[in-house]
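# Structural characterization, general
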Amino acid sequence: MSCGVTAPGAICFEAYGVPIELRASDAELLDALLRVVTPGASMSAVASPEIGYSLFAAGEHYAISRGVRRVAQGTNVEELLDLLESELHFEVAVAARTRLFVHAGVVGWNGGAIVLPGRTHAGKSSLVAALVRAGATYYSDEYAVLDDDGFVHPFARALGMRDKTGRTNRVDPRTIGRVGDAPLPVTRVIATRHVAGGAWRAVPMSRGETVLALFDNTLAARSRPADALRILSVVARHADGFRGERGDAAAAVEQILTLDPSDQSIPR
Amino acid sequence: MYPRARQHGLLVDRVGDETIVFDVERKEAHSLNRIASIVWQHSDGAHSLSEIASVLTRELDVQANESIVLYALDKLSSVHLLEGDETTELGHSTTRRDVMKRVAAVGVAAIGLPAVLTMTAPTPAMAASGGDTLPVDPGPD
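If you're wondering where the values come from, they're calculated on a predicted model, not measured in any experiment. (Residues numbered from 1 in each chain as written. Chains lettered and ligands numbered in written order. Predicted model: local features only at pLDDT ≥ 70, side-chain atom pairs only at ≥ 80, totals over all residues. Heavy atoms only, no water.)

## Focus: the packing of aromatic side chains
Residues and elements named next belong to chain A. Enumeration over the complete set of coordinates arrives at five aromatic pairs over all chains. For the ring pair Tyr16 and Phe101, a centre distance of 5.0 Å and an interplane angle of 85 degrees mean the geometry is edge-to-face. In this pair, Tyr16 sits in the loop between β1 (10–15) and β2 (18–24) while Phe101 sits in strand β7 (residues 100–109), placing the two residues 85 residues apart along the sequence. With respect to class, Tyr16 is no different from Phe101; both count as buried. Their ring planes at 85 degrees and their centres at 5.7 Å tell us that Tyr143 and Phe155 sit as a pair that is edge-to-face. Highlighted residues: Tyr143 in strand β10 (residues 143–146) and Phe155 in the loop between β11 (151–153) and β12 (159–162), separated in sequence by twelve residues. For the pair Tyr143 and Phe155, one class covers both residues: buried. By the ring-pair criterion, three or more aromatic residues cluster together here, those being Tyr16, Phe101, Tyr143 and Phe155. The ring of Tyr53 has Arg66 sitting right over it, with the charged end atom 5.6 Å from the ring centre. (Phe/Tyr/Trp six-rings, centres within 6.5 Å; stacked < 30°, edge-to-face > 60°. Helix = DSSP H or I, 4+ residues; strand = E, 2+ residues; numbered from the N terminus. Buried < 20%, exposed > 50% of the residue type's maximum accessible area, 1.4 Å probe, protein only. Lys NZ or Arg CZ within 6 Å of the ring centre and 35° of its normal.)

## A closer look at the packing of helix α4 (residues 207–215) of chain A against helix α5 (residues 225–238) of chain A
The angle between the axes and the distance between the axes are what describe a pair of packed helices. Residue and element names in this part refer to chain A. One can describe the packing of α4 onto α5 by two numbers: an axis separation of 9 Å at closest approach and a directional angle of 130 degrees. Classified by the interaxial angle, the pair formed by α4 and α5 is oblique. Classified by chirality, the crossing of α5 by α4 is right-handed. In contact with Arg207, Thr210, Val211, Leu214 and Phe215 of α4, α5 contributes Ala228, Leu229, Leu232, Ser233, Val235, Ala236 and Arg237. (Axes fitted to C-alpha atoms, helices over the stretch in contact; angles between N-to-C directions. Parallel < 35°, antiparallel > 145°, perpendicular 65-115°, else oblique. Left-handed = near helix turned anticlockwise from the far one by under 90°. Contact = heavy atoms within 4.5 Å.)

## Here we look at the sheet that holds strand β4 (residues 116–120) of chain B
Taken in spatial order, the four strands make up an open sheet running β1-β2-β3-β4 (chain B), and their pairing is antiparallel. Among the strands making up the open sheet, the edge pair consists of β1 (10–15) and β4 of chain B. The average undirected angle you get between the axes of adjacent strands in this sheet is 15 degrees. Here strand β3 (residues 28–32) of chain B runs beside β4(B); their pairing, made up of five bridges, is antiparallel. Bridge pairing links B:Ser31 to B:Leu117 in β4(B). Relative to β1(B), α5(A) is tilted by about 10 degrees, and along the sheet it contacts β1 and β2 (18–23) of chain B. (Pairing = 2+ DSSP bridges.)

## Things to note about the packing of helix α1 (residues 34–41) of chain B against helix α2 (residues 49–60) of chain B
All names here are of chain B. Between α1 and α2, the least distance of the axes is 10 Å, while the angle of their chain directions is 135 degrees. When the axes of α1 and α2 are compared, the pair comes out oblique. Crossing geometry of α1 relative to α2 is assigned as right-handed. Contacts between α1 and α2 involve Arg34, Ile35, Ile38 and Val39 from the former and Ile52, Val55, Leu56, Glu59 and Leu60 from the latter.

## Topic: the pattern of salt bridges
Residues and elements named next belong to chain A. Enumeration over the complete set of coordinates arrives at 17 salt bridges over all chains. Across the pair Glu85 and Arg170 runs a salt bridge whose closest N-O atoms are separated by 3.8 Å. Of the two residues, Glu85 is situated in helix α2 (residues 77–95) and Arg170 in strand β13 (residues 168–171); the sequence distance between them amounts to 85 residues. For Glu85, a relative accessible area of 5% corresponds to the buried category. Among the salt bridges present, the one from Arg157 reaches Glu142, with a minimum N-O distance of 3.2 Å. (Salt bridge = Lys/Arg side-chain N within 4 Å of Asp/Glu carboxyl O.)

## Topic: the interface of chain A and chain B
Listed per partner, the contact involves 35 residues of chain A and 31 residues of chain B. Taken over both partners, the interface formed by chain A and chain B buries close to 2,900 Å², and the fraction arising from carbon and sulfur atoms is 65%. Its largest share of buried area at the contact with chain B, chain A owes to A:Arg119, A:Leu212 and A:Arg222, together 27% of the area lost on that side. Where chain A packs against chain B, one counts one salt bridge. Residue A:Arg237 is joined to B:Asp13 by a salt bridge in which the shortest nitrogen-to-oxygen separation is 3.3 Å. The set of elements that each furnish at least two residues to the side of chain A that touches chain B consists of α2, β14 (184–194), α4, α5 and β16 (240–246) of chain A. (Buried area = accessible area lost by both parts, 1.4 Å probe.)

Here you go:
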């Protein structure tokens, strides 16, 4: 199977070395699919798509298929697109060959990147949003995309902000602050998670701990362990690592942005 | 006793004074602190416990003894980073408490005991979903 950029009913692109094809049953849905194209992807003809999804309408219902397998259906196309975006980004993060994906929020600050590794429900998006509102530059609320030199690249999808009901609402990051467009060296790794009513308490991590904190959130930890450890070791050689719990995101922002590694006394 | 570090099936990288080891077979990543790294690097089947202790003394500028080497070997053996089962040759394992008693007077405690942090490599689904992201403090025995 092949997919040209101009193929009727299809969008084709390559993301981090992974060829992808998205198909739709009509022009309006195809246009809607453009919003799930992976950040950093290049639109190009694809000889043999490795990942392929279809979105199609049937009456008032919509459905998403991966190959011949139907993976979701419903009447709210926006919710289905959110799901497709999440699934597609996850698959790219796992299969990526030219970058290493770490599940983490990322902001730029003072010429370097602050990486916040953490899994779903660790409060990454709310913390990233609070940091951006405080003047940091948005890079991602989902993945730190690392190159061989340990630089982090923008993966500036819309922020996924959960409301009190647990529903995720998409927020355009440009409405709350600046969005990064160039790779940055990682200067801080902060492994923190939200604890209701908690107070910010940062403990320095050794370089080895910093590698493990990132490795624990690396999508290709099992499939590309040599690449992962090499790249994460590069990051840890140049970044200061901290771990700890935090309470409200807004309250943690100032402490995070003013962390002074020289105040810490662990051996490096 | 001449301990020998496992060589096969491991990916090894250095970061600062620490050593990062990935066990390909067990899918486990380890971080060895400085003192554990030195013991592991010199566990080549040619150095005795007392010789490794001498290396520690020289490189760390403290008075190290065989107890702390044994303690490090216990830690390394428990995560399968030694060939065979070296530390049980003496018929016991060395606990943190034993070591603290023996090294308190010679200054090794000031630079920290040998420590090995270990985590199982996450599957893609684990890395992207719920779970504890904070590295585990090795804590006391």
